[in-house]
Amino acid sequence: MPKALVTGITGQDGSYLAELLLARGYEVHGMIRKASTFNTERINHIYQDPHDPAAKLFLHYGDLTNAEQLTHLIYNVRPDEIYHLGALSHVKVSFEIPEYAGDVTGLGTIRILEAVRRSGVRARFYQASSSEMFGSAPPPQSETSAFQPRSPYAIAKVYSYWMTVNYRQAYGLFATNGILFNHESPRRGETFVTRKVTRAVARIRAGEQKKLFLGNLESKRDWGYAPEYVEAMWTMLQRETPDDYVLGTGESHSVRQLVEEAFGYAGLDWHDFVEIDQGYFRPTEVDFLQADASKARRVLGWSPKVTFKELVRIMVDADLQSLGQAPIGEGMRILQDKFGDWHQWHSGVTALLQNNGTHVE
Ligand code: NAP
Ligand code: F7E
């Protein structure tokens, strides 16, 4: 049975990836942080009592700032694959706590790579690189575009990107960068703009919120559907040789278009609800991201199915449902059409896997 170690397992991507790995017969080890409140909401549904002899998911306390613990974990688990997804992932927050962003999102990666090298564990390594690294590079951005990062987060990711390349070249590690453009889902953190908007739409429709305060409406992003991206992470580590790949839809839209689409879907006029708060603007913004993912299409056979409009509908419907409101319904239909089994629609990747003939439970 292959063994995987996932950092950031409690995050959006980590939770979808853990489902996928369990469904593919892996023993999954996840690193979680000690918090005084519960931070395992996204993985509670796959949690297994470790006393159960059939248990395949194991959680370990740790932190990306703690090299000793990371080394201990890698040496003891001896994973075949490491998916390094843990990070301070919020760009705006990285401006507020830049040193911490560098420590976790930058140095956290070298702590893992060093643990792998020193332990002699022959694990394949996936680094969660980001389209934010392209910063002000002109669109469309591909693997050959120059990095022009515009935030402490992006700079820390550039450091991690090059460390991953360096360990591949210097020590022959199977180390791969997935350079992922924005990917979203009903499990997206509530302060990222897509989820902030779709959640507000649902709350306004339910009479629980009156206004939505946003920052820059003009920046453009290439937004895709997260469960499709974690599938490609796995595919990257199954290749014969390590390499770096851009993942994105190739479609780009402004935050303004996102707002129009989400409110419009719910039958609301966004002008009645949205106000601009300068506090949400960033000291330096990334204006225009649009992926050229032709390499991933050619080499990995990966092409995403969910479009921007569909993504917004999936997320608005999910947020309505989570408030106990009736979904408008398009989002559910999209998941059913594209992935089958609409009963599992909120889980997304569960539906994806069932479509492939495997089961999570
Ligand atoms: P996310 O939902 O914010 O999850 C981040 C994960 O990292 C959480 O599990 C978090 O744990 C963990 N973490 C944060 N600080 C940590 C620390 N000091 N020690 C250990 N774990 C820590 O992020 P995501 O959207 O799933 O993204 C996954 C990865 O891909 C991140 O590295 C992100 O930067 C990168 N990425 C994301 C996108 C995207 O559009 N989603 C695109 C490109 C790259 P807690 O739950 O305890 O906070
Ligand atoms: O911002 C604008 C904001 O925070 C998107 C992370 O997963 O993707 C994510 O980073 C855009 C920016 O994501 C608000 O200024 C306007 O232009 O949702 P976001 P991000 O910064 O693109 C990349 C690929 C990652 O790697 C990151 O980890 O929306 N915007 N008003 C706003 N953004 C937020 N958060 N909140 C607002 O009120």
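So, how was this worked out
- Residues numbered from 1 in each chain as written.
- Chains lettered and ligands numbered in written order.
- Predicted model: local features only at pLDDT ≥ 70, side-chain atom pairs only at ≥ 80, totals over all residues.
- Heavy atoms only, no water.
- Near = heavy atom within 4 Å.
- Polar contact = N/O pair within 3.5 Å; in protein donor to acceptor, adjacent residues only side chain to side chain.
- Helix = DSSP H or I, 4+ residues; strand = E, 2+ residues; numbered from the N terminus.
- Nonpolar A, V, L, I, M, F, W, Y, C, P; charged D, E, K, R; others polar.
- Axes fitted to C-alpha atoms, helices over the stretch in contact; angles between N-to-C directions.
- Parallel < 35°, antiparallel > 145°, perpendicular 65-115°, else oblique.
- Left-handed = near helix turned anticlockwise from the far one by under 90°.
- Contact = heavy atoms within 4.5 Å.
- Pairing = 2+ DSSP bridges.
- Buried < 20%, exposed > 50% of the residue type's maximum accessible area, 1.4 Å probe, protein only.
- Right-handed = clockwise from strand over helix to strand, strands pointing away.

1. A few points about the site of ligand 1
Next up, step 1: With respect to spatial proximity, 26 residues lie near ligand 1, and among them Thr10, Arg33, Leu85, Ser89 and Tyr153 are the closest.
Next up, step 2: Measuring from an oxygen atom of ligand 1, one finds a side-chain N or O atom of Arg33 at 2.8 Å.
Next up, step 3: Take His183: an N or O atom from its main chain is 2.9 Å from an oxygen atom of ligand 1.
Next up, step 4: When contributions to the shell around ligand 1 are tallied by element, the ones reaching two or more residues are α1 (12–23), α4 (98–119), β5 (124–130) and α5 (152–171).
Next up, step 5: A per-class count over the shell around ligand 1 returns 10 nonpolar, 11 polar and 5 charged.

2. A word on the packing of α4 against α5
Next up, step 1: In contact at an axis separation of 8 Å, α4 and α5 are set at 15 degrees when each is read in the N-to-C sense. With respect to their mutual orientation, α4 and α5 come out roughly parallel. In the crossing of α4 with α5, the sense of the turn from one axis to the other is right-handed. Here α4 contributes Pro98, Ala101, Gly102, Thr105, Gly106, Leu107, Thr109, Ile110, Leu113, Glu114 and Arg117 to the contact with α5, which in turn contributes Pro152, Tyr153, Ala156, Lys157, Tyr159, Ser160, Met163, Thr164, Tyr167 and Tyr171.
Next up, step 2: Its residues assigned to classes, the contact of α4 with α5 comprises 12 nonpolar, 6 polar and 3 charged.

3. A look at the sheet that holds strand β6 (residues 175–180)
Next up, step 1: Taken in spatial order, the 7 strands make up an open sheet running β3-β2-β1-β4-β5-β6-β11, and their pairing is parallel. With partners counted over all chains shown, the strands left at the sheet margins are β3 (57–61) and β11 (244–247), one partner each. Taken pair by pair, the neighbouring strands of this sheet meet at an average axis angle of 20 degrees, ignoring direction.
Next up, step 2: Where strand β2 (residues 27–32) lies against β3, 5 bridges are found, and the strand directions are parallel. Paired with Ile32 across the strands is Tyr61, a residue of β3.
Next up, step 3: Relative to strand β1 (residues 3–7), α1 is tilted by about 175 degrees, and along the sheet it contacts β1, β2, β3 and β4 (81–84).
Next up, step 4: Where helix α7 (residues 226–238) meets the sheet, it contacts β4, β5, β6 and β11, and its direction lies at approximately 140 degrees from that of β4.

4. Brief notes about the pairing of β6
Next up, step 1: Extensive coverage of β6 is indicated by the burial of 6 of its 6 residues.
Next up, step 2: Burial of the side chains of β6 extends over both faces: Ala175, Asn177 and Ile179 are buried on one face and Thr176, Gly178 and Leu180 on the other.
Next up, step 3: Two strands pair when backbone bridges link them, and β5 and β6 are joined in this way by 6 bridges, in the parallel orientation. Across the sheet, residue Ala128 finds its bridge partner in β6, namely Gly178.
Next up, step 4: In this view, the connection linking β5 to its parallel neighbour β6 by way of α5 has right-handed handedness.
Next up, step 5: Bridging between β6 and β11 involves 4 bridges; their strand directions are parallel. Directly across from Gly178, in β11, lies its bridge partner Tyr245.

5. Here's the deal with unusual backbone geometry
Next up, step 1: Here the residue pair Pro139 and Pro140 is connected by a cis peptide bond, since its omega of -10 degrees sits within 30 degrees of zero.
Next up, step 2: Here Pro140 lies in the loop between β5 and α5.
Next up, step 3: The backbone phi angle of Arg78 is positive, close to 50 degrees, even though this residue is not glycine.
Next up, step 4: By the secondary structure assignment, Arg78 is in the loop between α2 (67–77) and β4.
Next up, step 5: When its relative accessible area of 40% is taken as the criterion, Arg78 is described as partly exposed.

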